[in-house]
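Here's the letter readout for the chains.
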Amino acid sequence: QYESEDAAKQAIERVNGQEIGGRQVYVGPFIKRDKHEDKQGGDVSVHVRNIPPDWDDEKVVALFRDFGDIVFSLVLNDSRSDRRYGFVNFKESEAAAKAIEALHGKDL
(Lines give C-alpha, C1' and ligand atoms only; values in the text may rest on other atoms or scores of the structure.)
Protein backbone atom coordinates (compact mmCIF):
# COMPACT_ATOMS: atom_id res chain seq x y z
CA GLN A 1 0.00 0.00 0.00
CA TYR A 2 1.32 3.43 -0.93
CA GLU A 3 1.33 6.54 1.22
CA SER A 4 -0.67 8.51 -1.32
CA GLU A 5 -2.69 8.02 -4.47
CA ASP A 6 -0.07 10.06 -6.36
CA ALA A 7 2.72 7.66 -5.26
CA ALA A 8 0.65 4.69 -6.45
CA LYS A 9 0.02 6.35 -9.83
CA GLN A 10 3.76 6.97 -10.24
CA ALA A 11 4.53 3.31 -9.50
CA ILE A 12 1.94 2.19 -12.05
CA GLU A 13 3.39 4.52 -14.70
CA ARG A 14 6.93 3.27 -14.08
CA VAL A 15 6.23 -0.47 -14.07
CA ASN A 16 3.15 -1.04 -16.27
CA GLY A 17 4.18 -2.52 -19.61
CA GLN A 18 7.72 -3.37 -18.49
CA GLU A 19 9.18 -6.75 -19.33
CA ILE A 20 10.02 -8.79 -16.25
CA GLY A 21 11.25 -12.37 -16.52
CA GLY A 22 10.64 -12.34 -20.26
CA ARG A 23 6.97 -11.35 -19.89
CA GLN A 24 5.27 -8.01 -20.23
CA VAL A 25 3.54 -7.09 -16.96
CA TYR A 26 0.36 -5.19 -16.27
CA VAL A 27 0.23 -3.00 -13.19
CA GLY A 28 -2.92 -1.08 -12.41
CA PRO A 29 -4.92 0.24 -9.52
CA PHE A 30 -6.50 -2.22 -7.12
CA ILE A 31 -10.24 -2.43 -7.70
CA LYS A 32 -12.36 -3.65 -4.83
CA ARG A 33 -14.63 -6.59 -5.61
CA ASP A 34 -17.78 -4.45 -5.50
CA LYS A 35 -16.25 -2.17 -8.18
CA HIS A 36 -15.75 -5.06 -10.66
CA GLU A 37 -19.19 -4.50 -12.09
CA ASP A 38 -20.14 -2.65 -15.22
CA LYS A 39 -22.71 0.15 -15.36
CA GLN A 40 -25.59 -2.33 -15.58
CA GLY A 41 -24.47 -3.97 -12.32
CA GLY A 42 -23.21 -7.23 -13.82
CA ASP A 43 -19.95 -8.92 -12.92
CA VAL A 44 -17.23 -8.48 -15.56
CA SER A 45 -14.68 -10.87 -14.01
CA VAL A 46 -14.40 -14.57 -14.91
CA HIS A 47 -12.40 -17.02 -12.77
CA VAL A 48 -10.80 -19.75 -14.88
CA ARG A 49 -9.71 -23.02 -13.24
CA ASN A 50 -7.67 -26.00 -14.44
CA ILE A 51 -5.80 -24.16 -17.19
CA PRO A 52 -3.63 -26.66 -19.12
CA PRO A 53 0.05 -26.51 -18.13
CA ASP A 54 1.23 -25.64 -21.64
CA TRP A 55 -1.12 -22.62 -21.99
CA ASP A 56 0.20 -19.11 -21.53
CA ASP A 57 -1.70 -15.87 -21.02
CA GLU A 58 -1.96 -15.27 -24.77
CA LYS A 59 -3.66 -18.62 -25.36
CA VAL A 60 -6.18 -17.93 -22.59
CA VAL A 61 -6.93 -14.50 -24.07
CA ALA A 62 -7.35 -16.08 -27.52
CA LEU A 63 -9.96 -18.45 -26.09
CA PHE A 64 -11.97 -15.64 -24.48
CA ARG A 65 -11.57 -12.75 -26.94
CA ASP A 66 -14.47 -13.89 -29.15
CA PHE A 67 -16.88 -13.17 -26.29
CA GLY A 68 -16.01 -9.47 -25.97
CA ASP A 69 -13.38 -6.85 -25.19
CA ILE A 70 -10.92 -8.00 -22.52
CA VAL A 71 -9.61 -5.36 -20.13
CA PHE A 72 -7.24 -7.59 -18.15
CA SER A 73 -6.19 -11.21 -17.86
CA LEU A 74 -3.88 -13.10 -15.56
CA VAL A 75 -2.74 -16.75 -15.41
CA LEU A 76 -1.30 -18.05 -12.13
CA ASN A 77 0.29 -21.26 -10.87
CA ASP A 78 -0.60 -22.85 -7.54
CA SER A 79 2.71 -24.40 -6.51
CA ARG A 80 1.10 -26.49 -3.75
CA SER A 81 -1.29 -28.33 -6.04
CA ASP A 82 0.41 -27.85 -9.43
CA ARG A 83 -2.84 -26.43 -10.76
CA ARG A 84 -3.14 -23.37 -12.96
CA TYR A 85 -5.89 -20.81 -12.76
CA GLY A 86 -6.55 -17.28 -13.89
CA PHE A 87 -8.85 -14.34 -14.26
CA VAL A 88 -10.28 -12.65 -17.33
CA ASN A 89 -11.93 -9.26 -16.90
CA PHE A 90 -14.20 -8.09 -19.67
CA LYS A 91 -15.30 -4.56 -20.47
CA GLU A 92 -18.97 -5.56 -20.25
CA SER A 93 -20.84 -8.04 -18.07
CA GLU A 94 -22.66 -9.51 -21.08
CA ALA A 95 -19.34 -10.73 -22.47
CA ALA A 96 -18.45 -12.39 -19.16
CA ALA A 97 -21.87 -14.06 -19.02
CA LYS A 98 -21.51 -15.35 -22.61
CA ALA A 99 -18.05 -16.75 -21.85
CA ILE A 100 -19.28 -18.54 -18.73
CA GLU A 101 -22.29 -19.96 -20.55
CA ALA A 102 -20.16 -21.27 -23.43
CA LEU A 103 -17.14 -22.58 -21.51
CA HIS A 104 -18.30 -23.61 -18.02
CA GLY A 105 -17.45 -27.27 -17.47
CA LYS A 106 -15.70 -27.66 -20.83
CA ASP A 107 -12.36 -29.42 -21.25
CA LEU A 108 -9.69 -27.18 -22.70
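Here, the structure is the one placed above.
Read on for a plain summary of the structure.

The rules we used
- Residues numbered from 1 in each chain as written.
- Predicted model: local features only at pLDDT ≥ 70, side-chain atom pairs only at ≥ 80, totals over all residues.
- Heavy atoms only, no water.
- Core = buried A, V, L, I, M, F, W, Y, C linked by side-chain atoms within 4.5 Å.
- Buried < 20%, exposed > 50% of the residue type's maximum accessible area, 1.4 Å probe, protein only.
- Helix = DSSP H or I, 4+ residues; strand = E, 2+ residues; numbered from the N terminus.
- Contact = heavy atoms within 4.5 Å.
- Polar contact = N/O pair within 3.5 Å; in protein donor to acceptor, adjacent residues only side chain to side chain.
- Phe/Tyr/Trp six-rings, centres within 6.5 Å; stacked < 30°, edge-to-face > 60°.
- Pairing = 2+ DSSP bridges.
- Axes fitted to C-alpha atoms, helices over the stretch in contact; angles between N-to-C directions.

**Quick notes on the nonpolar core**
And step 1. Judged by nonpolar contacts, the single largest core of 13 residues is most densely connected at V46, V48, I51, V60, F64, V88 and F90.
And step 2. Contributions of two or more residues to this core are made by strand 3 (45–49), helix 2 (57–64), strand 5 (83–90) and helix 3 (93–103).
And step 3. At 3 residues, the largest contribution of residues to this core is made by helix 3.
And step 4. In this view, F90 contacts V44, V46, F64, F67, G68, D69, I70, V71, A95, A96 and A99; residues no more than four positions away in its chain are not counted.

**Thoughts on the side chain of S45**
And step 1. The residue S45 is located in strand 3 in this model.
And step 2. Within the structure, S45 has its side chain in polar contact with the side chain of N89 (distance 2.9 Å).

**Structural notes on the packing of aromatic side chains**
And step 1. Tallying each qualifying case throughout the model produces 2 aromatic pairs.
And step 2. Their ring planes at 90° and their centres at 6.1 Å tell us that Y85 and F87 sit as a pair that is edge-to-face.
And step 3. Taking the relative accessible area as the measure of exposure, Y85 reaches 27% and is therefore partly exposed.
And step 4. For F87, a relative accessible area of 29% translates into the label partly exposed.

**As for the environment of D107**
And step 1. On the secondary structure map, D107 appears in the segment after helix 3.
And step 2. For the pair D107 and P52, spaced 55 residues apart in the sequence, the C-alpha separation amounts to 9.4 Å.

**Thoughts on the environment of R49**
And step 1. Examined against the element boundaries, R49 turns out to sit in strand 3.
And step 2. Here the alpha-carbon distance between R49 and G86, two residues 37 residues apart in the chain, equals 6.6 Å.

**Observations concerning the sheet that holds strand 4 (residues 70–78)**
And step 1. Across the sheet, which stays open at both edges, the 3 strands sit in the order 3-5-4 with antiparallel pairing between neighbours. Of all the strands in the sheet, just strand 3 and strand 4 have a single pairing partner and so form its edges. Sheet twist, expressed as the mean angle between neighbouring strand axes with direction ignored, is 15°.
And step 2. One ladder, built from 8 bridges, connects strand 4 with strand 5; its direction is antiparallel. Paired with V75 across the strands is G86, a residue of strand 5.
And step 3. Against the sheet, helix 2 engages strand 3, strand 4 and strand 5, with an angle of about 130° to strand 4.

**What about unusual backbone geometry?**
And step 1. The backbone phi angle of N50 is positive, close to 60°, even though this residue is not glycine.
And step 2. Along the chain, the position of N50 falls in the loop between strand 3 and helix 2.

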